[in-house]
Each structure stands twice: as structure tokens, then as C-alpha cells.
Amino acid sequence: MIYDVKAYLHGLRDTYREEIQSGLDFWAEHGVDWEKGGIVTYLDRRGNWYLDEKQGWFTGRAMYCFARGYHDICKRERWLEAALNIYNFLAAHQFAPDGRLYYNMSRDGAPCDTNPIGGSFSALMPSLHCESFAVMGLSELYRVTGRQDVKETLLRIFDMQQRIYRNPEYVTTGKMRPPGTPQPKVPLAWLMSLLCSVQTLRQALPENKEAYTALLSEYIGEVFKYYWDDELQTLMEAEIDCPGHNMEVAWFMLAEGLYTGDKALVERCARIVGDIYRYGWDHEWGGLYLHVNMRGNPGFVPTAPLKYWWPNNEAEIGLMYAFIGTGDLSYLEKYRKVHEWVFAHFPDRDEGEWFGYLNRDGTPISTNKGDNQKGPYHLYRSFFAIHDVIGAYLEA
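Since we're looking at a predicted model, the values are computed, not measured.

K.L.:
What am I meant to see in the overall build of the protein chain here?
P.N.:
Tallying secondary structure elements over the protein chain gives 13 helices and 8 strands in all. By the compact-globule yardstick of 21 Å for 396 residues, the protein chain fits well, its C-alpha radius of gyration being 20 Å. Taking the principal axes of its C-alpha atoms as reference, the protein chain extends roughly 55 × 55 × 45 Å. Computed over 40 positive and 53 negative side-chain charges, the inter-centroid distance for the protein chain is 2 Å.

K.L.:
Please clarify how the packing of helix α5 (residues 148-166) against helix α8 (residues 209-227) should be interpreted in this entry.
P.N.:
Two measures define how a pair of helices packs: the angle their axes make with one another and the distance between the axes. Relative to each other, α5 and α8 sit at 30°, their axes nearing to 14 Å. For the element pair α5 / α8, the angle class is roughly parallel. Here α5 and α8 pass one another in a crossing that is left-handed. Residue-level inspection shows Leu155, Phe158, Gln162, Tyr165 and Arg166 of α5 in contact with α8, the latter providing Tyr212, Leu215, Glu218, Tyr219 and Glu222.

K.L.:
Explanation requested: unusual backbone geometry in the structure shown.
P.N.:
Excluding glycine, residues mostly have negative phi values, and the peptide bonds linking residues are mostly trans. With phi around 55°, glutamine 233 is a residue other than glycine that occupies positive phi space. Examined against the element boundaries, glutamine 233 turns out to sit in the loop between β3 (228-229) and β4 (234-235). On the accessibility criterion, glutamine 233 (42% relative accessible area) is partly exposed. Here glutamate 353, not a glycine, exhibits a phi torsion of approximately 60°, which is positive. If you trace the backbone, glutamate 353 turns up in the loop between α12 (329-345) and β8 (357-358). Exposure remark for glutamate 353: the relative accessible area of 8% places this residue in the buried category.

K.L.:
Sorry if this is basic, but what is going on with the packing of aromatic side chains here?
P.N.:
Scanning the entire structure with this criterion turns up 26 aromatic pairs. Here phenylalanine 26 and tryptophan 27 contribute two aromatic rings whose centre-to-centre distance is 6.1 Å and whose plane-to-plane angle is 75°, an arrangement assigned as edge-to-face. Overall, the relative accessible area of 6% leaves phenylalanine 26 in the buried class. Judged by its relative accessible area of 0%, tryptophan 27 falls in the buried class. A ring pair is formed by phenylalanine 346 and tryptophan 354, whose centres lie 6.3 Å apart and whose planes are at 10°; its orientation type is stacked. Through successive ring pairs, a cluster of aromatic residues spans Tyr16, Tyr277, Trp281, Trp341, Phe343, Phe346, Trp354, Tyr380 and Phe383. One residue, lysine 75, lies across the ring of tyrosine 70, its end atom 5.4 Å from the ring centre. A cation over an aromatic ring shows up here: arginine 202 above the ring of tyrosine 259, its NZ or CZ 3.5 Å from the ring centre.

K.L.:
Looking at this structure, I do not really get the environment of glycine 287. What am I missing?
P.N.:
Note on placement: glycine 287 falls in the loop between α10 (263-280) and β6 (292-293). Separated by 22 residues in sequence, glycine 287 and tryptophan 309 have C-alpha atoms that sit 9.4 Å apart. Beyond its immediate stretch of four places on either side in the chain, glycine 287 contacts Gly280, Trp281, Asp282, Lys307, Asn312 and Trp341.

K.L.:
Can you help me understand the nonpolar core in this one?
P.N.:
One recurring pattern in soluble globular proteins: nonpolar side chains tend to sit buried together. Counting residues in each nonpolar core, the largest one holds 137 residues, and the members touching the most others are Leu9, Phe66, Tyr219, Phe224, Met253 and Met320. When residues no more than four places from it in sequence are discounted, the contact partners of phenylalanine 224 are Leu235, Met253, Leu265, Arg268, Cys269 and Ile272. Residues Phe89, Ala96, Tyr102 and Ala123 belong to the second largest nonpolar core, which totals 5 residues.

K.L.:
Any chance you could explain the pattern of salt bridges here in plain terms?
P.N.:
Tallying each qualifying case throughout the model produces 32 salt bridges. Note that aspartate 72 and arginine 68 form a salt bridge whose closest N and O atoms lie 3.1 Å from each other. Here aspartate 72 pairs with arginine 68, and both are found in helix α2 (residues 56-72), just 4 residues apart, close to one helical turn. A relative accessible area of 23% means that aspartate 72 is categorised as partly exposed. Linked through salt bridges whose partners overlap, the residues forming this network are Arg68, Asp72, Glu140, Arg143 and Asp388.

K.L.:
Would you mind going over helix α11 (residues 309-326) with me for this structure?
P.N.:
Spacing of three or four residues puts side chains on the same side of an α-helix, whose turn is 3.6 residues. Over its 18 residues, α11 extends 26 Å from the first C-alpha to the last, a length consistent with the 26 Å expected when each residue adds 1.5 Å. With 16 of 18 residues buried, α11 is to be regarded as a mostly interior element. Immediately downstream of α11, the backbone of glycine 327 shows phi near 80°, a positive value.

K.L.:
Any chance you could explain the side chain of histidine 378 here in plain terms?
P.N.:
Mapped onto the elements of the fold, histidine 378 is located in helix α13 (residues 378-395). Relative accessible area serves as the criterion here: at 8%, histidine 378 is assigned to the buried category. Among all residues touching histidine 378, those that are not within four sequence positions of it are Arg61, Glu248, Trp309, Trp310, Asn313 and Glu314.

K.L.:
Sorry if this is basic, but what is going on with the side chain of aspartate 229 here?
P.N.:
Locating aspartate 229 in the fold gives a position in strand β3. At a separation of 2.7 Å, a polar atom in the side chain of aspartate 229 contacts the main-chain amide nitrogen of leucine 232. Among the polar contacts made by the side chain of aspartate 229, one reaches the side chain of arginine 295 at a distance of 2.7 Å. In this structure aspartate 229 touches Thr234, Met236 and Arg295, once residues within four positions along its chain are discounted.

K.L.:
For this particular structure, what's the right way to read the environment of threonine 41?
P.N.:
Within the fold, threonine 41 resides in the loop between α1 (5-30) and β1 (54-55). As a C-alpha pair, threonine 41 and leucine 84 span 43 residues in sequence and 17 Å in three-dimensional space. With residues up to four places along the chain from it excluded, the contact list for threonine 41 reads Trp27, Gln55, Phe58, Gly370, Asp371, Asn372, Lys374, Gly375 and Pro376. Here the side chain of threonine 41 touches aspartate 371 through a polar contact of 2.7 Å, landing on its backbone oxygen.

Criteria and thresholds
Residues numbered from 1 in each chain as written. Predicted model: local features only at pLDDT ≥ 70, side-chain atom pairs only at ≥ 80, totals over all residues. Heavy atoms only, no water. Helix = DSSP H or I, 4+ residues; strand = E, 2+ residues; numbered from the N terminus. Rg over C-alpha atoms; globule rule 2.2 N^0.38 Å. Lys, Arg positive; Asp, Glu negative; His and termini not counted. Charge placed at Lys NZ, Arg CZ, Asp CG, Glu CD. Axes fitted to C-alpha atoms, helices over the stretch in contact; angles between N-to-C directions. Parallel < 35°, antiparallel > 145°, perpendicular 65-115°, else oblique. Left-handed = near helix turned anticlockwise from the far one by under 90°. Contact = heavy atoms within 4.5 Å. Buried < 20%, exposed > 50% of the residue type's maximum accessible area, 1.4 Å probe, protein only. Phe/Tyr/Trp six-rings, centres within 6.5 Å; stacked < 30°, edge-to-face > 60°. Lys NZ or Arg CZ within 6 Å of the ring centre and 35° of its normal. Core = buried A, V, L, I, M, F, W, Y, C linked by side-chain atoms within 4.5 Å. Salt bridge = Lys/Arg side-chain N within 4 Å of Asp/Glu carboxyl O. Expected span 1.5 Å × (residues − 1). Polar contact = N/O pair within 3.5 Å; in protein donor to acceptor, adjacent residues only side chain to side chain.

This is the structure in C-alpha cells:
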């Protein structure tokens, strides 16, 4: 039982602030390509590169983290230099001829489809994720610098993101839909990217807040239209589902309810957060499962019981938002359970940063600090979000 809530939250805020500072310092030293620009995320335990290809969605993600860290946490010039370095790489190399952003690039910034350690990554991703994360990164960089070229690049990419959303087949066929046709269903992950990117954009360009708030309301309507399961009374994209993705969408929508003062949306999304915790939490070993069978059927995927860093980060954020949105202490108790497990298993206190992939029992599968999925984003976005929402709560 947490008896002194404000003292507990004050301590958490300090913890997250320290983690942001040490983590961004780690990535500025080891991940930023200070010679050729951009960010390399293929890092071993000590931060050495084991591959120098560059993932386009981390261009925006890393820019977001460095710029937001500079704006909200500490005016470390190295972080601002890192954000500008990454921006210059994007502007020079990442635009495809049609205006989309490349996903897989060589160290020099040339688009490439192969990966020397196995597998094949397309130079262009068949989604809007690279564009969404670039919107987030450029929004934070514009908040810091106020530079007109950053704003122009931001709006150019935002326009492409919206074009893809309205024409989802464009990423596979290159064709646009006839004007005036109804909005087609898009994957839940696309709506997730749209929610977080437009919320960030609204902070950077408050003069357009009414238009962006209307867009966010549309996205929320699409989530409930296509991904609300009446039988289970929760969000569900597929029978074998990822609790981390659902938690992510739920807290984005809860945050929007707090912004607009929509108490019904806040309460509904808080209940969703609680349900996701209930079906996604490993009550024997601790940690949020990577996948679960939502209907309890025998079907599964082999990776289901693993514990990845980012779903557990999302569980922390979702439960903290649910507590602050409703005042219900049961959410804070669940948050504490998740927080203590996460901080006991993922951080690498010897070499810095966090492990990303754990077995069910919490032991590391790999000691690498990055790859094409893990880099400077989910960890620090969760820290920023919790740090800020606690701050708003304590100041209220």
C-alpha cells in the first residue's frame, strides 16, 4: 500500500529524470554518427556498432528524444547537437522520389534492401511509421529551435503521412483513391502512430490546435469502430494480440481525454488499461507478455511468453495515466508492481542503458542495446510521459 502518494510520485519523477539523462548520454556517445550523420541503433552491450545500417524510423524517434530531452529535462548542448545532426541526415538522404521516407539505409544514407546479418528489410516501409516518427521528431526540434526550415520539413512530411492514411493502398500499389470516397480501415498500429504524432505536432503548432484535435477525435473514432470487441469489452486487433500495442493506444486516447476534458473517454480508457494489465500480466513470473490469446484458445506464437522492454514501458505509462485520470489508487498499486519488476530486470547497471529482450523468468535473451527495433525511443518516451504527467498532477 502506498501511504504517501505525493512523496512516492516525487521520488519517481527524480528516478525518471536520472534515467533520461544517463540514457540520452549513452546514445549521444555511442549511437549518433557524428561523422556521417544520423543514428545507428545496432549496438552491443558496451555500445559498439555491430552493423552500421540506419533505420529510418529511428531518425524521427532519436530526434524526438534528444530534442525533447533538451527542451524538457536539461539544456545539454550535446543533445541539441545530436538532434540537429539527425535532422541534417534526414533532409539530405531520407526522402524518396515520391516524398516518402526511406526505412532502411546504408551508413552513407543510400537506400538498401539487404541486411548482412540475415533477413531483408525494404528500403521503403509499407506503412506510415517513418513519416509519423519524423513528425514527432521534427515537432520537438521545432519547439526547441523555431527554425523555419524545420517547420517546412515537418509540414511536408505531415502532408505525406495524411496522404498515406487517406490512401493506405498507396504504399503497395502507388495509386490514390478517388476523391470523396469513405475512409478505409487501417491497421491499429497506424492509428497508434497517428495519435502520438499529431498530439506531438499540436504542441509544436498550437495555432492549429483545433484542426489537430479534430483529427485526433477522428482517429479515436476509428479505433473504437474497428478494434473494440463487444464480447470482451476491450480493444482487440486479433485473437493472438500484443498487449503492449493495445496499452499504447489506450493511454494515447486517455491522454486525449485529459486534454479535451472528456471524462467519459478518460474513464473508458482507464478501464481498458486495467483490462490489458489483467490479461497481459504474467502473474507467476511478472512482466507483460509479448502476446496473449485473447479468447483463451490453444493458439499461440512461440515468442508469446517473452518479456520485451517496450510493452512493459507502455504498461507503466498506461497505469500511471489511469491513476491520474481517475484518482483510483488501484491503478497506482498495479503501476508500482509493474515499475518494480521492470526496474529490477531491464536496466544494465554495469554497462549502461537497458536490455531489450528477456525470457519469461526475466533473464536476458540478448545483451545487445539496440537493433532495428530497439533504440532511443520507447524507453525515453515512457520516461518523458510519466515525468510530465506526474509533474502536472503535483502542480495541480
